[in-house]
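Letter by letter, the chains look like this.
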Amino acid sequence: MDDPFVIASLLPPSVMMEAQELRWTLCATDRCFTNPVLSTFFRSVKVLPVNRGEGIYQKGMDMALSKLNNGGWVHIFPEGSRSKDGGKTIAPAKRGVGRLVMDADSLPVVVPFVHTGMQDIMPVGKRIPRTGKRVIVVVGDPINFDDLMAENSNDSQHISRGDLYDKVTERIGQRLQQLKVEVDRLAAEQKAELQNRHTADTVNDGYKVWQQVDWESFGIGNMLSAAAEHSSAQEPPKQIQHEVLLAEQSVSPAKQAEPEPRLEEEQSVFSPISRVPHWFSRHTDASELMGFAARGLVRNGRSMQEGYRQFQEPSAFNAWWEAQTSSAMMPRWSTA
């Protein structure tokens, strides 16, 4: 799945529809050429067969080298196999990729790219790809082999062909490891962004539910509005506080400005994130708050179900509640 899906996402449709412009790639005979139907299909989409364990000088590698010499594009997976840990790490590159670079008639352009997310679309052991997943691809700059080509042309060095293969393979592997770090970083940032977005959506949904609750039915609607107005009126803007502080310092520079005591009432303000009064965080727990919300939604959104006991406030309770709301401190109360 990696080869057709990732390649198709990178190239424009005009290239994908041009058969001469498409890539050649390699696939093991025990995976892609197990029967005549599969063999015909994969050969028609420019896949070359290679046999596991036959080394870098087998017929399939010779065919790939011939395609390069004719100006073709060969897409190869340097690891030589699927990831064993779901794409968490990149295995060392195989020696055959070094042969394709060094044995070509002219030095080919080697463009590395690494992707993550395909392990979620087609996990190991699954036969049906999953949808709705996101794949991140990082394409690197072409890898430079000029220094190795210079060593190859210098007869005094006497570097064996195998050593050149190993040096090319090592350089390609190092570059892929660097791109792997980059693609993992991007994936982590995207995951954190999605989590933050989900948190923001949850907060917004909670605030919408909060607005739907009929707080007047509990006798605390006026109190909440008054608490918000009281806190906003007593807390001056930061710019005005700063100007007042500078004026005091200019009058008495030797006297240091002491922090003003924070009033208890100032804590009953609306949070800029959730916009839920802090009064409830001090005087109620989560179960009580959910009881308030559920009761308000039932009363405000639909008729009472049979067996639901209506909450009727006696006159004595109203008198007591009005006396308590006039004080600065609010007592703890529950819905039980």
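This structure is a prediction, so every number in the text was calculated from the model and none was measured.

### A closer look at the overall build of the protein chain
Phase 1: Secondary structure assignment for the protein chain yields 14 helices and five strands.
Phase 2: The burial tally for the protein chain puts 28% of its 336 residues in the buried class.
Phase 3: Considering only contacts within the protein chain whose residues lie at least 6 apart along the sequence, 63% involve residues at least 24 apart.
Phase 4: For the protein chain, the exposed surface amounts to about 22,400 Å²; the carbon and sulfur share of it is 54%.

### Remarks on the state of the cysteines
Phase 1: Under the criterion given, the structure shown has one disulfide.
Phase 2: Note on cysteine connectivity: Cys27 is disulfide-linked to Cys32, with sulfurs 1.9 Å apart. Torsion about the S-S bond of the Cys27 and Cys32 cystine: about 65 degrees, corresponding to right-handed handedness.

### With respect to helix H1 (residues 2–10)
Phase 1: Taken together, the buried positions of H1 are Asp3, Val6 and Ile7. For H1, the angular spread of the buried residues around the axis is 100 degrees, confining them to a single face.
Phase 2: Looking at the buried positions of H1, the neighbouring elements they touch are helix H2 (13–16), strand S1 (24–28), strand S3 (74–75), strand S4 (113–116), helix H7 (118–121) and strand S5 (136–139).

### Observations concerning the pattern of salt bridges
Phase 1: As enumerated under the stated definition, the model contains eleven salt bridges in all.
Phase 2: Across the pair Arg23 and Asp3 runs a salt bridge, and its minimum N-O distance is 2.5 Å. With a gap of 20 residues between them, Arg23 in the loop between H2 and S1 and Asp3 in helix H1 connect regions that are remote in the sequence.
Phase 3: Relative accessible area serves as the criterion here: at 9%, Arg23 is assigned to the buried category.

### Overview of the sheet that holds S1
Phase 1: The strand order across the open sheet built from three strands is S2-S1-S3, with neighbouring strands paired in parallel fashion. With one partner strand each, in any of the chains shown, strand S2 (47–50) and S3 form the two edges of the open sheet.
Phase 2: The sheet contacts of helix H5 (residues 59–69) involve S1, S2 and S3, and relative to S2 the element is tilted by about 150 degrees.

### Here we look at the environment of Pro112
Phase 1: Its place among the elements puts Pro112 in the loop between helix H6 (96–102) and S4.
Phase 2: As a C-alpha pair, Pro112 and Val138 span 26 residues in sequence and 8.7 Å in three-dimensional space.
Phase 3: Ignoring any residue separated from it by four or fewer positions in sequence, one finds Pro112 in contact with Val138, Val139, Gly140, Asp141, Pro142, Ile143, Arg175, Leu176 and Leu179.

### Some thoughts on the nonpolar core
Phase 1: One finds Val101, Met102, Val110, Val114, Phe145, Val168 and Ile172 to be the most contacted residues of the largest nonpolar core, which totals 19 residues.
Phase 2: For this core, the elements supplying multiple residues, two or more each, are H6, S5 and helix H9 (161–212).
Phase 3: Looking at which element gives the most residues to this core, the answer is H9, with seven residues.
Phase 4: Those residues within four positions of Val101 in sequence are excluded, and the remaining contacts are Leu107, Pro108, Val110, Phe145, Val168 and Ile172.
Phase 5: Among the nonpolar cores identified, the runner-up in size contains nine residues, and Val50, Val74, Leu100 and Ala104 belong to it.

### Some words on the UniProt feature "coiled-coil region" (unreviewed entry) in the protein chain
Phase 1: In the numbering used here, UniProt assigns the "coiled-coil region" (unreviewed entry) feature to residues 169–196.
Phase 2: Annotated as residues 169–196, this span is 100% helix and 0% strand, and its ends, taken at the C-alpha atoms, are 41 Å apart.

### Examining the packing of aromatic side chains
Phase 1: Tallying each qualifying case throughout the model produces two aromatic pairs.
Phase 2: Plain terms: the ring middles of Phe41 and Phe42 are 5.1 Å apart, the flat faces sit at 75 degrees to each other, and that makes the pair edge-to-face.
Phase 3: Feature note: the residues Phe33, Phe41 and Phe42 constitute an aromatic cluster, connected by ring pairs.
Phase 4: In this structure, Lys67 is placed above the aromatic ring of Trp24, and the distance from its NZ or CZ to the ring centre is 4.1 Å.

### Some words on the pairing of S1
Put simply, side chains in a regular strand alternate between the two faces of the sheet.
Phase 1: Most of S1 is tucked away: four of the five residues are buried.
Phase 2: Of the strand pairs in this sheet, S1 and S2 are connected by four bridges, and their pairing is parallel. Residue pairing across strands places Thr25 opposite Val47, the latter belonging to S2.

### Side note on a nonpolar patch on the surface
Phase 1: A surface patch of nonpolar side chains, amounting to about 350 Å² of accessible area, comprises Leu10, Val109, Val111 and Val139.
Phase 2: Inspection of the secondary structure puts Leu10 in helix H1.

The rules behind these values
Residues numbered from 1 in each chain as written. Predicted model: local features only at pLDDT ≥ 70, side-chain atom pairs only at ≥ 80, totals over all residues. Heavy atoms only, no water. Helix = DSSP H or I, 4+ residues; strand = E, 2+ residues; numbered from the N terminus. Buried < 20%, exposed > 50% of the residue type's maximum accessible area, 1.4 Å probe, protein only. Contact = heavy atoms within 4.5 Å. Areas by Shrake-Rupley, 256 points an atom, 1.4 Å probe, with all protein chains shown as cover. Disulfide = S-S within 2.5 Å. Arc of directions from axis to C-beta. Salt bridge = Lys/Arg side-chain N within 4 Å of Asp/Glu carboxyl O. Pairing = 2+ DSSP bridges. Axes fitted to C-alpha atoms, helices over the stretch in contact; angles between N-to-C directions. Core = buried A, V, L, I, M, F, W, Y, C linked by side-chain atoms within 4.5 Å. UniProt positions renumbered as here; feature names shortened; annotations may be inferred. Phe/Tyr/Trp six-rings, centres within 6.5 Å; stacked < 30°, edge-to-face > 60°. Lys NZ or Arg CZ within 6 Å of the ring centre and 35° of its normal. Patch = residues over 30% accessible without salt bridge, like charges linked within 9 Å, V, L, I, M, F, W, Y side chains within 5 Å.

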